[in-house]
Amino acid sequence: MPTFRSQNVRLQLLLFSLYFYPFLNIFAIQPHSSAWLQCTSKGLELRALYPIKDLNSVQTCSQIMIDARPVTMQIRATATKDYPSLVCSALIPSSVRQVKRHTHIFTIHSQPIERIILLGDTGCKVDDNEHIYQSCNNPSLWPFQLIASEIAKLKPHLIIHTGDYIYREAPCPIDNNGCLNTPYGHNQATWNADWFTPATPMLNTAPFIFLRGNHETCPRAGEGWFRYLAPRHYITQCVENTAPWFTAFSQFTLSMLDTANIKNHHKKALTPLFTEQLNTINAYAKQDPTIATWIISHRPFWSYGTNLANSVGESKTKTLQKAVKKSPLIESIDLIISGHLHFSQFIDFKGARPTQIIAGNGGSDLAVFAKTPNSIDGLAINVQKVRNEYGFIVMDKMKQNHWIVSIRDIVGDELVKCTLTARSLFY
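Residues numbered from 1 in each chain as written. Predicted model: local features only at pLDDT ≥ 70, side-chain atom pairs only at ≥ 80, totals over all residues. Heavy atoms only, no water.

Asker: I'd like to hear about the nonpolar core, residue by residue, with values.
Answerer: If you look at the biggest cluster of nonpolar residues, it comprises 52 residues, and the most contacted ones within it are Ile-116, Leu-254, Trp-294 and Met-395. Excluding residues within four positions of it along the chain, Trp-294 makes contact with Ile-116, Phe-252, Thr-253, Leu-254, Ser-255, Asp-334, Leu-335, Ile-337, Met-395 and Trp-403. Formed by 42 residues, the second largest nonpolar core is a distinct cluster that contains Cys-124, Val-126, Ile-147 and Trp-225. (Core = buried A, V, L, I, M, F, W, Y, C linked by side-chain atoms within 4.5 Å. Buried < 20%, exposed > 50% of the residue type's maximum accessible area, 1.4 Å probe, protein only. Contact = heavy atoms within 4.5 Å.)

Asker: A description of the pattern of salt bridges should follow, citing residues and the corresponding values.
Answerer: As enumerated under the stated definition, the model contains 13 salt bridges in all. Close ionic contact of Arg-212 with Asp-258 constitutes a salt bridge, the shortest N to O distance being 3.1 Å. One end of the pair, Arg-212, is in the loop between β13 (208-210) and α5 (222-228); the other, Asp-258, is in the loop between β15 (252-257) and α6 (271-286), and 46 residues separate them in sequence. What makes Asp-258 buried here is its relative accessible area of 6%. Linking Arg-408 and Glu-414 is a salt bridge whose minimum nitrogen-to-oxygen distance equals 3.7 Å. Under the relative-accessibility criterion, Glu-414 is labelled partly exposed at 43%. Through salt bridges that share partners, Lys-125, Glu-130 and Asp-365 make up one connected network. (Salt bridge = Lys/Arg side-chain N within 4 Å of Asp/Glu carboxyl O. Helix = DSSP H or I, 4+ residues; strand = E, 2+ residues; numbered from the N terminus.)

Asker: Break down the state of the cysteines for me, with residues and values.
Answerer: Covalent bonding between the sulfur atoms of two cysteines defines a disulfide. Within the structure shown, the criterion is met by 4 disulfides. The disulfide partner of Cys-124 is Cys-136, and the S-S distance across this bridge is 2.1 Å. Between Cys-124 and Cys-136 the sulfur-sulfur dihedral comes to about -95 degrees; the bridge is accordingly left-handed. Taken as a pair, Cys-124 in the loop between β9 (115-119) and β10 (126-127) and Cys-136 in the loop between β11 (132-133) and α3 (144-153) lie far apart in primary sequence, 12 residues in all. Residue classification places Cys-124 among the buried positions, given a relative accessible area of 0%. (Disulfide = S-S within 2.5 Å.)

Asker: Could you give an account of the sheet that holds strand β7 (residues 98-101), naming the residues involved and the relevant values?
Answerer: Pairing is antiparallel across the open sheet formed by 4 strands, whose spatial order is β4-β3-β7-β8. Either end of the sheet is taken by a strand with one partner, and the two such strands are β4 (69-72) and β8 (104-107). The sheet shows a mean angle of 30 degrees between the axes of neighbouring strands, direction not considered. Bridging between β7 and β8 involves 4 bridges; their strand directions are antiparallel. Counterpart to Lys-100 in the pairing with β8 is Ile-105. (Pairing = 2+ DSSP bridges. Axes fitted to C-alpha atoms, helices over the stretch in contact; angles between N-to-C directions.)

Asker: Explain the sheet that holds strand β19 (residues 333-338) residue by residue, including any values.
Answerer: Spatial ordering of the open sheet is given by β14-β15-β16-β19-β21-β20-β23-β22, a layout of 8 strands whose pairing is mixed. Both outer strands of the open sheet, β14 (245-248) and β22 (375-376), are each paired with one neighbouring strand and no more. Relative to strand β16 (residues 292-297), β15 runs parallel, the two sharing 6 bridges. Residue pairing in the sheet places Thr-253 in a bridge with Thr-293 of β16. Here α6 sits on the sheet and contacts β14, β15, β16 and β19; the angle it forms with β15, its principal contact strand, is near 165 degrees.

Asker: Give me the lowdown on the side chain of His-215, citing residues and values where you can.
Answerer: As for its position among the elements, His-215 is in the loop between β13 and α5. On the basis of relative accessibility, which here comes to 6%, the residue His-215 falls in the buried class. Non-local contacts of His-215, meaning those with residues more than four positions away in its chain, are made with Asp-164, Ile-166, Tyr-167, Glu-169, Arg-220 and Ala-221.

Asker: Describe in detail the packing of α3 against helix α4 (residues 188-203), supporting the description with residues and values.
Answerer: Relative orientation of the contacting elements α3 and α4 amounts to 30 degrees, with a least axis distance of 6 Å. Taken together, the axis directions place α3 and α4 in an arrangement best described as roughly parallel. α3 and α4 meet at a crossing whose hand is right-handed. On α4, the residues touching Phe-144, Gln-145, Ala-148, Ser-149, Ile-151 and Ala-152 of α3 are Asp-194, Trp-195, Pro-198, Ala-199, Pro-201 and Met-202. For the contact of α3 with α4, the per-class residue count stands at 9 nonpolar, 2 polar and 1 charged. (Parallel < 35°, antiparallel > 145°, perpendicular 65-115°, else oblique. Left-handed = near helix turned anticlockwise from the far one by under 90°. Nonpolar A, V, L, I, M, F, W, Y, C, P; charged D, E, K, R; others polar.)

Structural data, given as structure tokens:
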């Protein structure tokens, strides 16, 4: 039941959006000088965009201050006609607590991590194949920027994006004012509109973990993914699958699995590849089995969901389920965080299987379904909670390996709250 506060705020947001509706698309295509912190395979990095007006000019990165010490950022990717911003980066030593770029100060929280935000599938869908044209110009109908603002207010220590940033894949129909004049396709203007502009409120808030989604495959937004957000050095030749990478915190380890593609060019399932990669993750987790390991994968291992009303949701994803059977996850791997399905979902199983969390309701069109299964891949469901409102998920640390996990709406109000422990969820 919505509170009076949330109803009042939503009314104000609607009035705001209606008043500024004609002007919003103007800001979506402006050049960006965005900057953000992200965890990478090498450690924590500051990345920044610098608009380049003359592509024939010498492109150089500026200085930043790392704990009051001047450091010149390094070129990650030079500006091009389609991507007219220089991308710069700087590796931040683990002892650093403050980074300053121009007038903005990035504060790096000391461990342990106390609050984590999960969100995903944030872009505005403009798609001829599905005949879906979201009202990208109206923040009450595409609320990602409102969600980003609420996330910033919560002052998280870490933000995990489960993938799928770019959804503007076709021109807006001429007679559709909801997405009128939106950029689309493989270029920086689309990345500005779907990601950098609306994400601005939270980009300066906390370090990010970025996952690659199926919308960032090579035929789609892969070029922008490798240019801006990929966890390793920039490569000009897009690759379909990348190796797992890891980042460790004092109370848990994150294992990032690239599941953007689950089939090869011949449409054959990549079960052998993911079996090998799960072997790698298991081996990494075995180095210290007393520390919980979480797998972050755009596609869920065990979930369900369909856009067909009154249909039982199908389990997702068979390729990953088969890989787990060949490479069973060790006991210290107790949580899988995913997106891909456009809703929020918690699933706890009756048996030896990690809890599955889905955070896929960050802005793109929501999934609608009615019936739910009692088991997935041969194991009964113990606890399950699903909400298909727009929003995000908050994880607040209580004690070692104990978290309060809550599904929030676009104004930050709690819709569902559970306690998460090792492979167990209590409602």
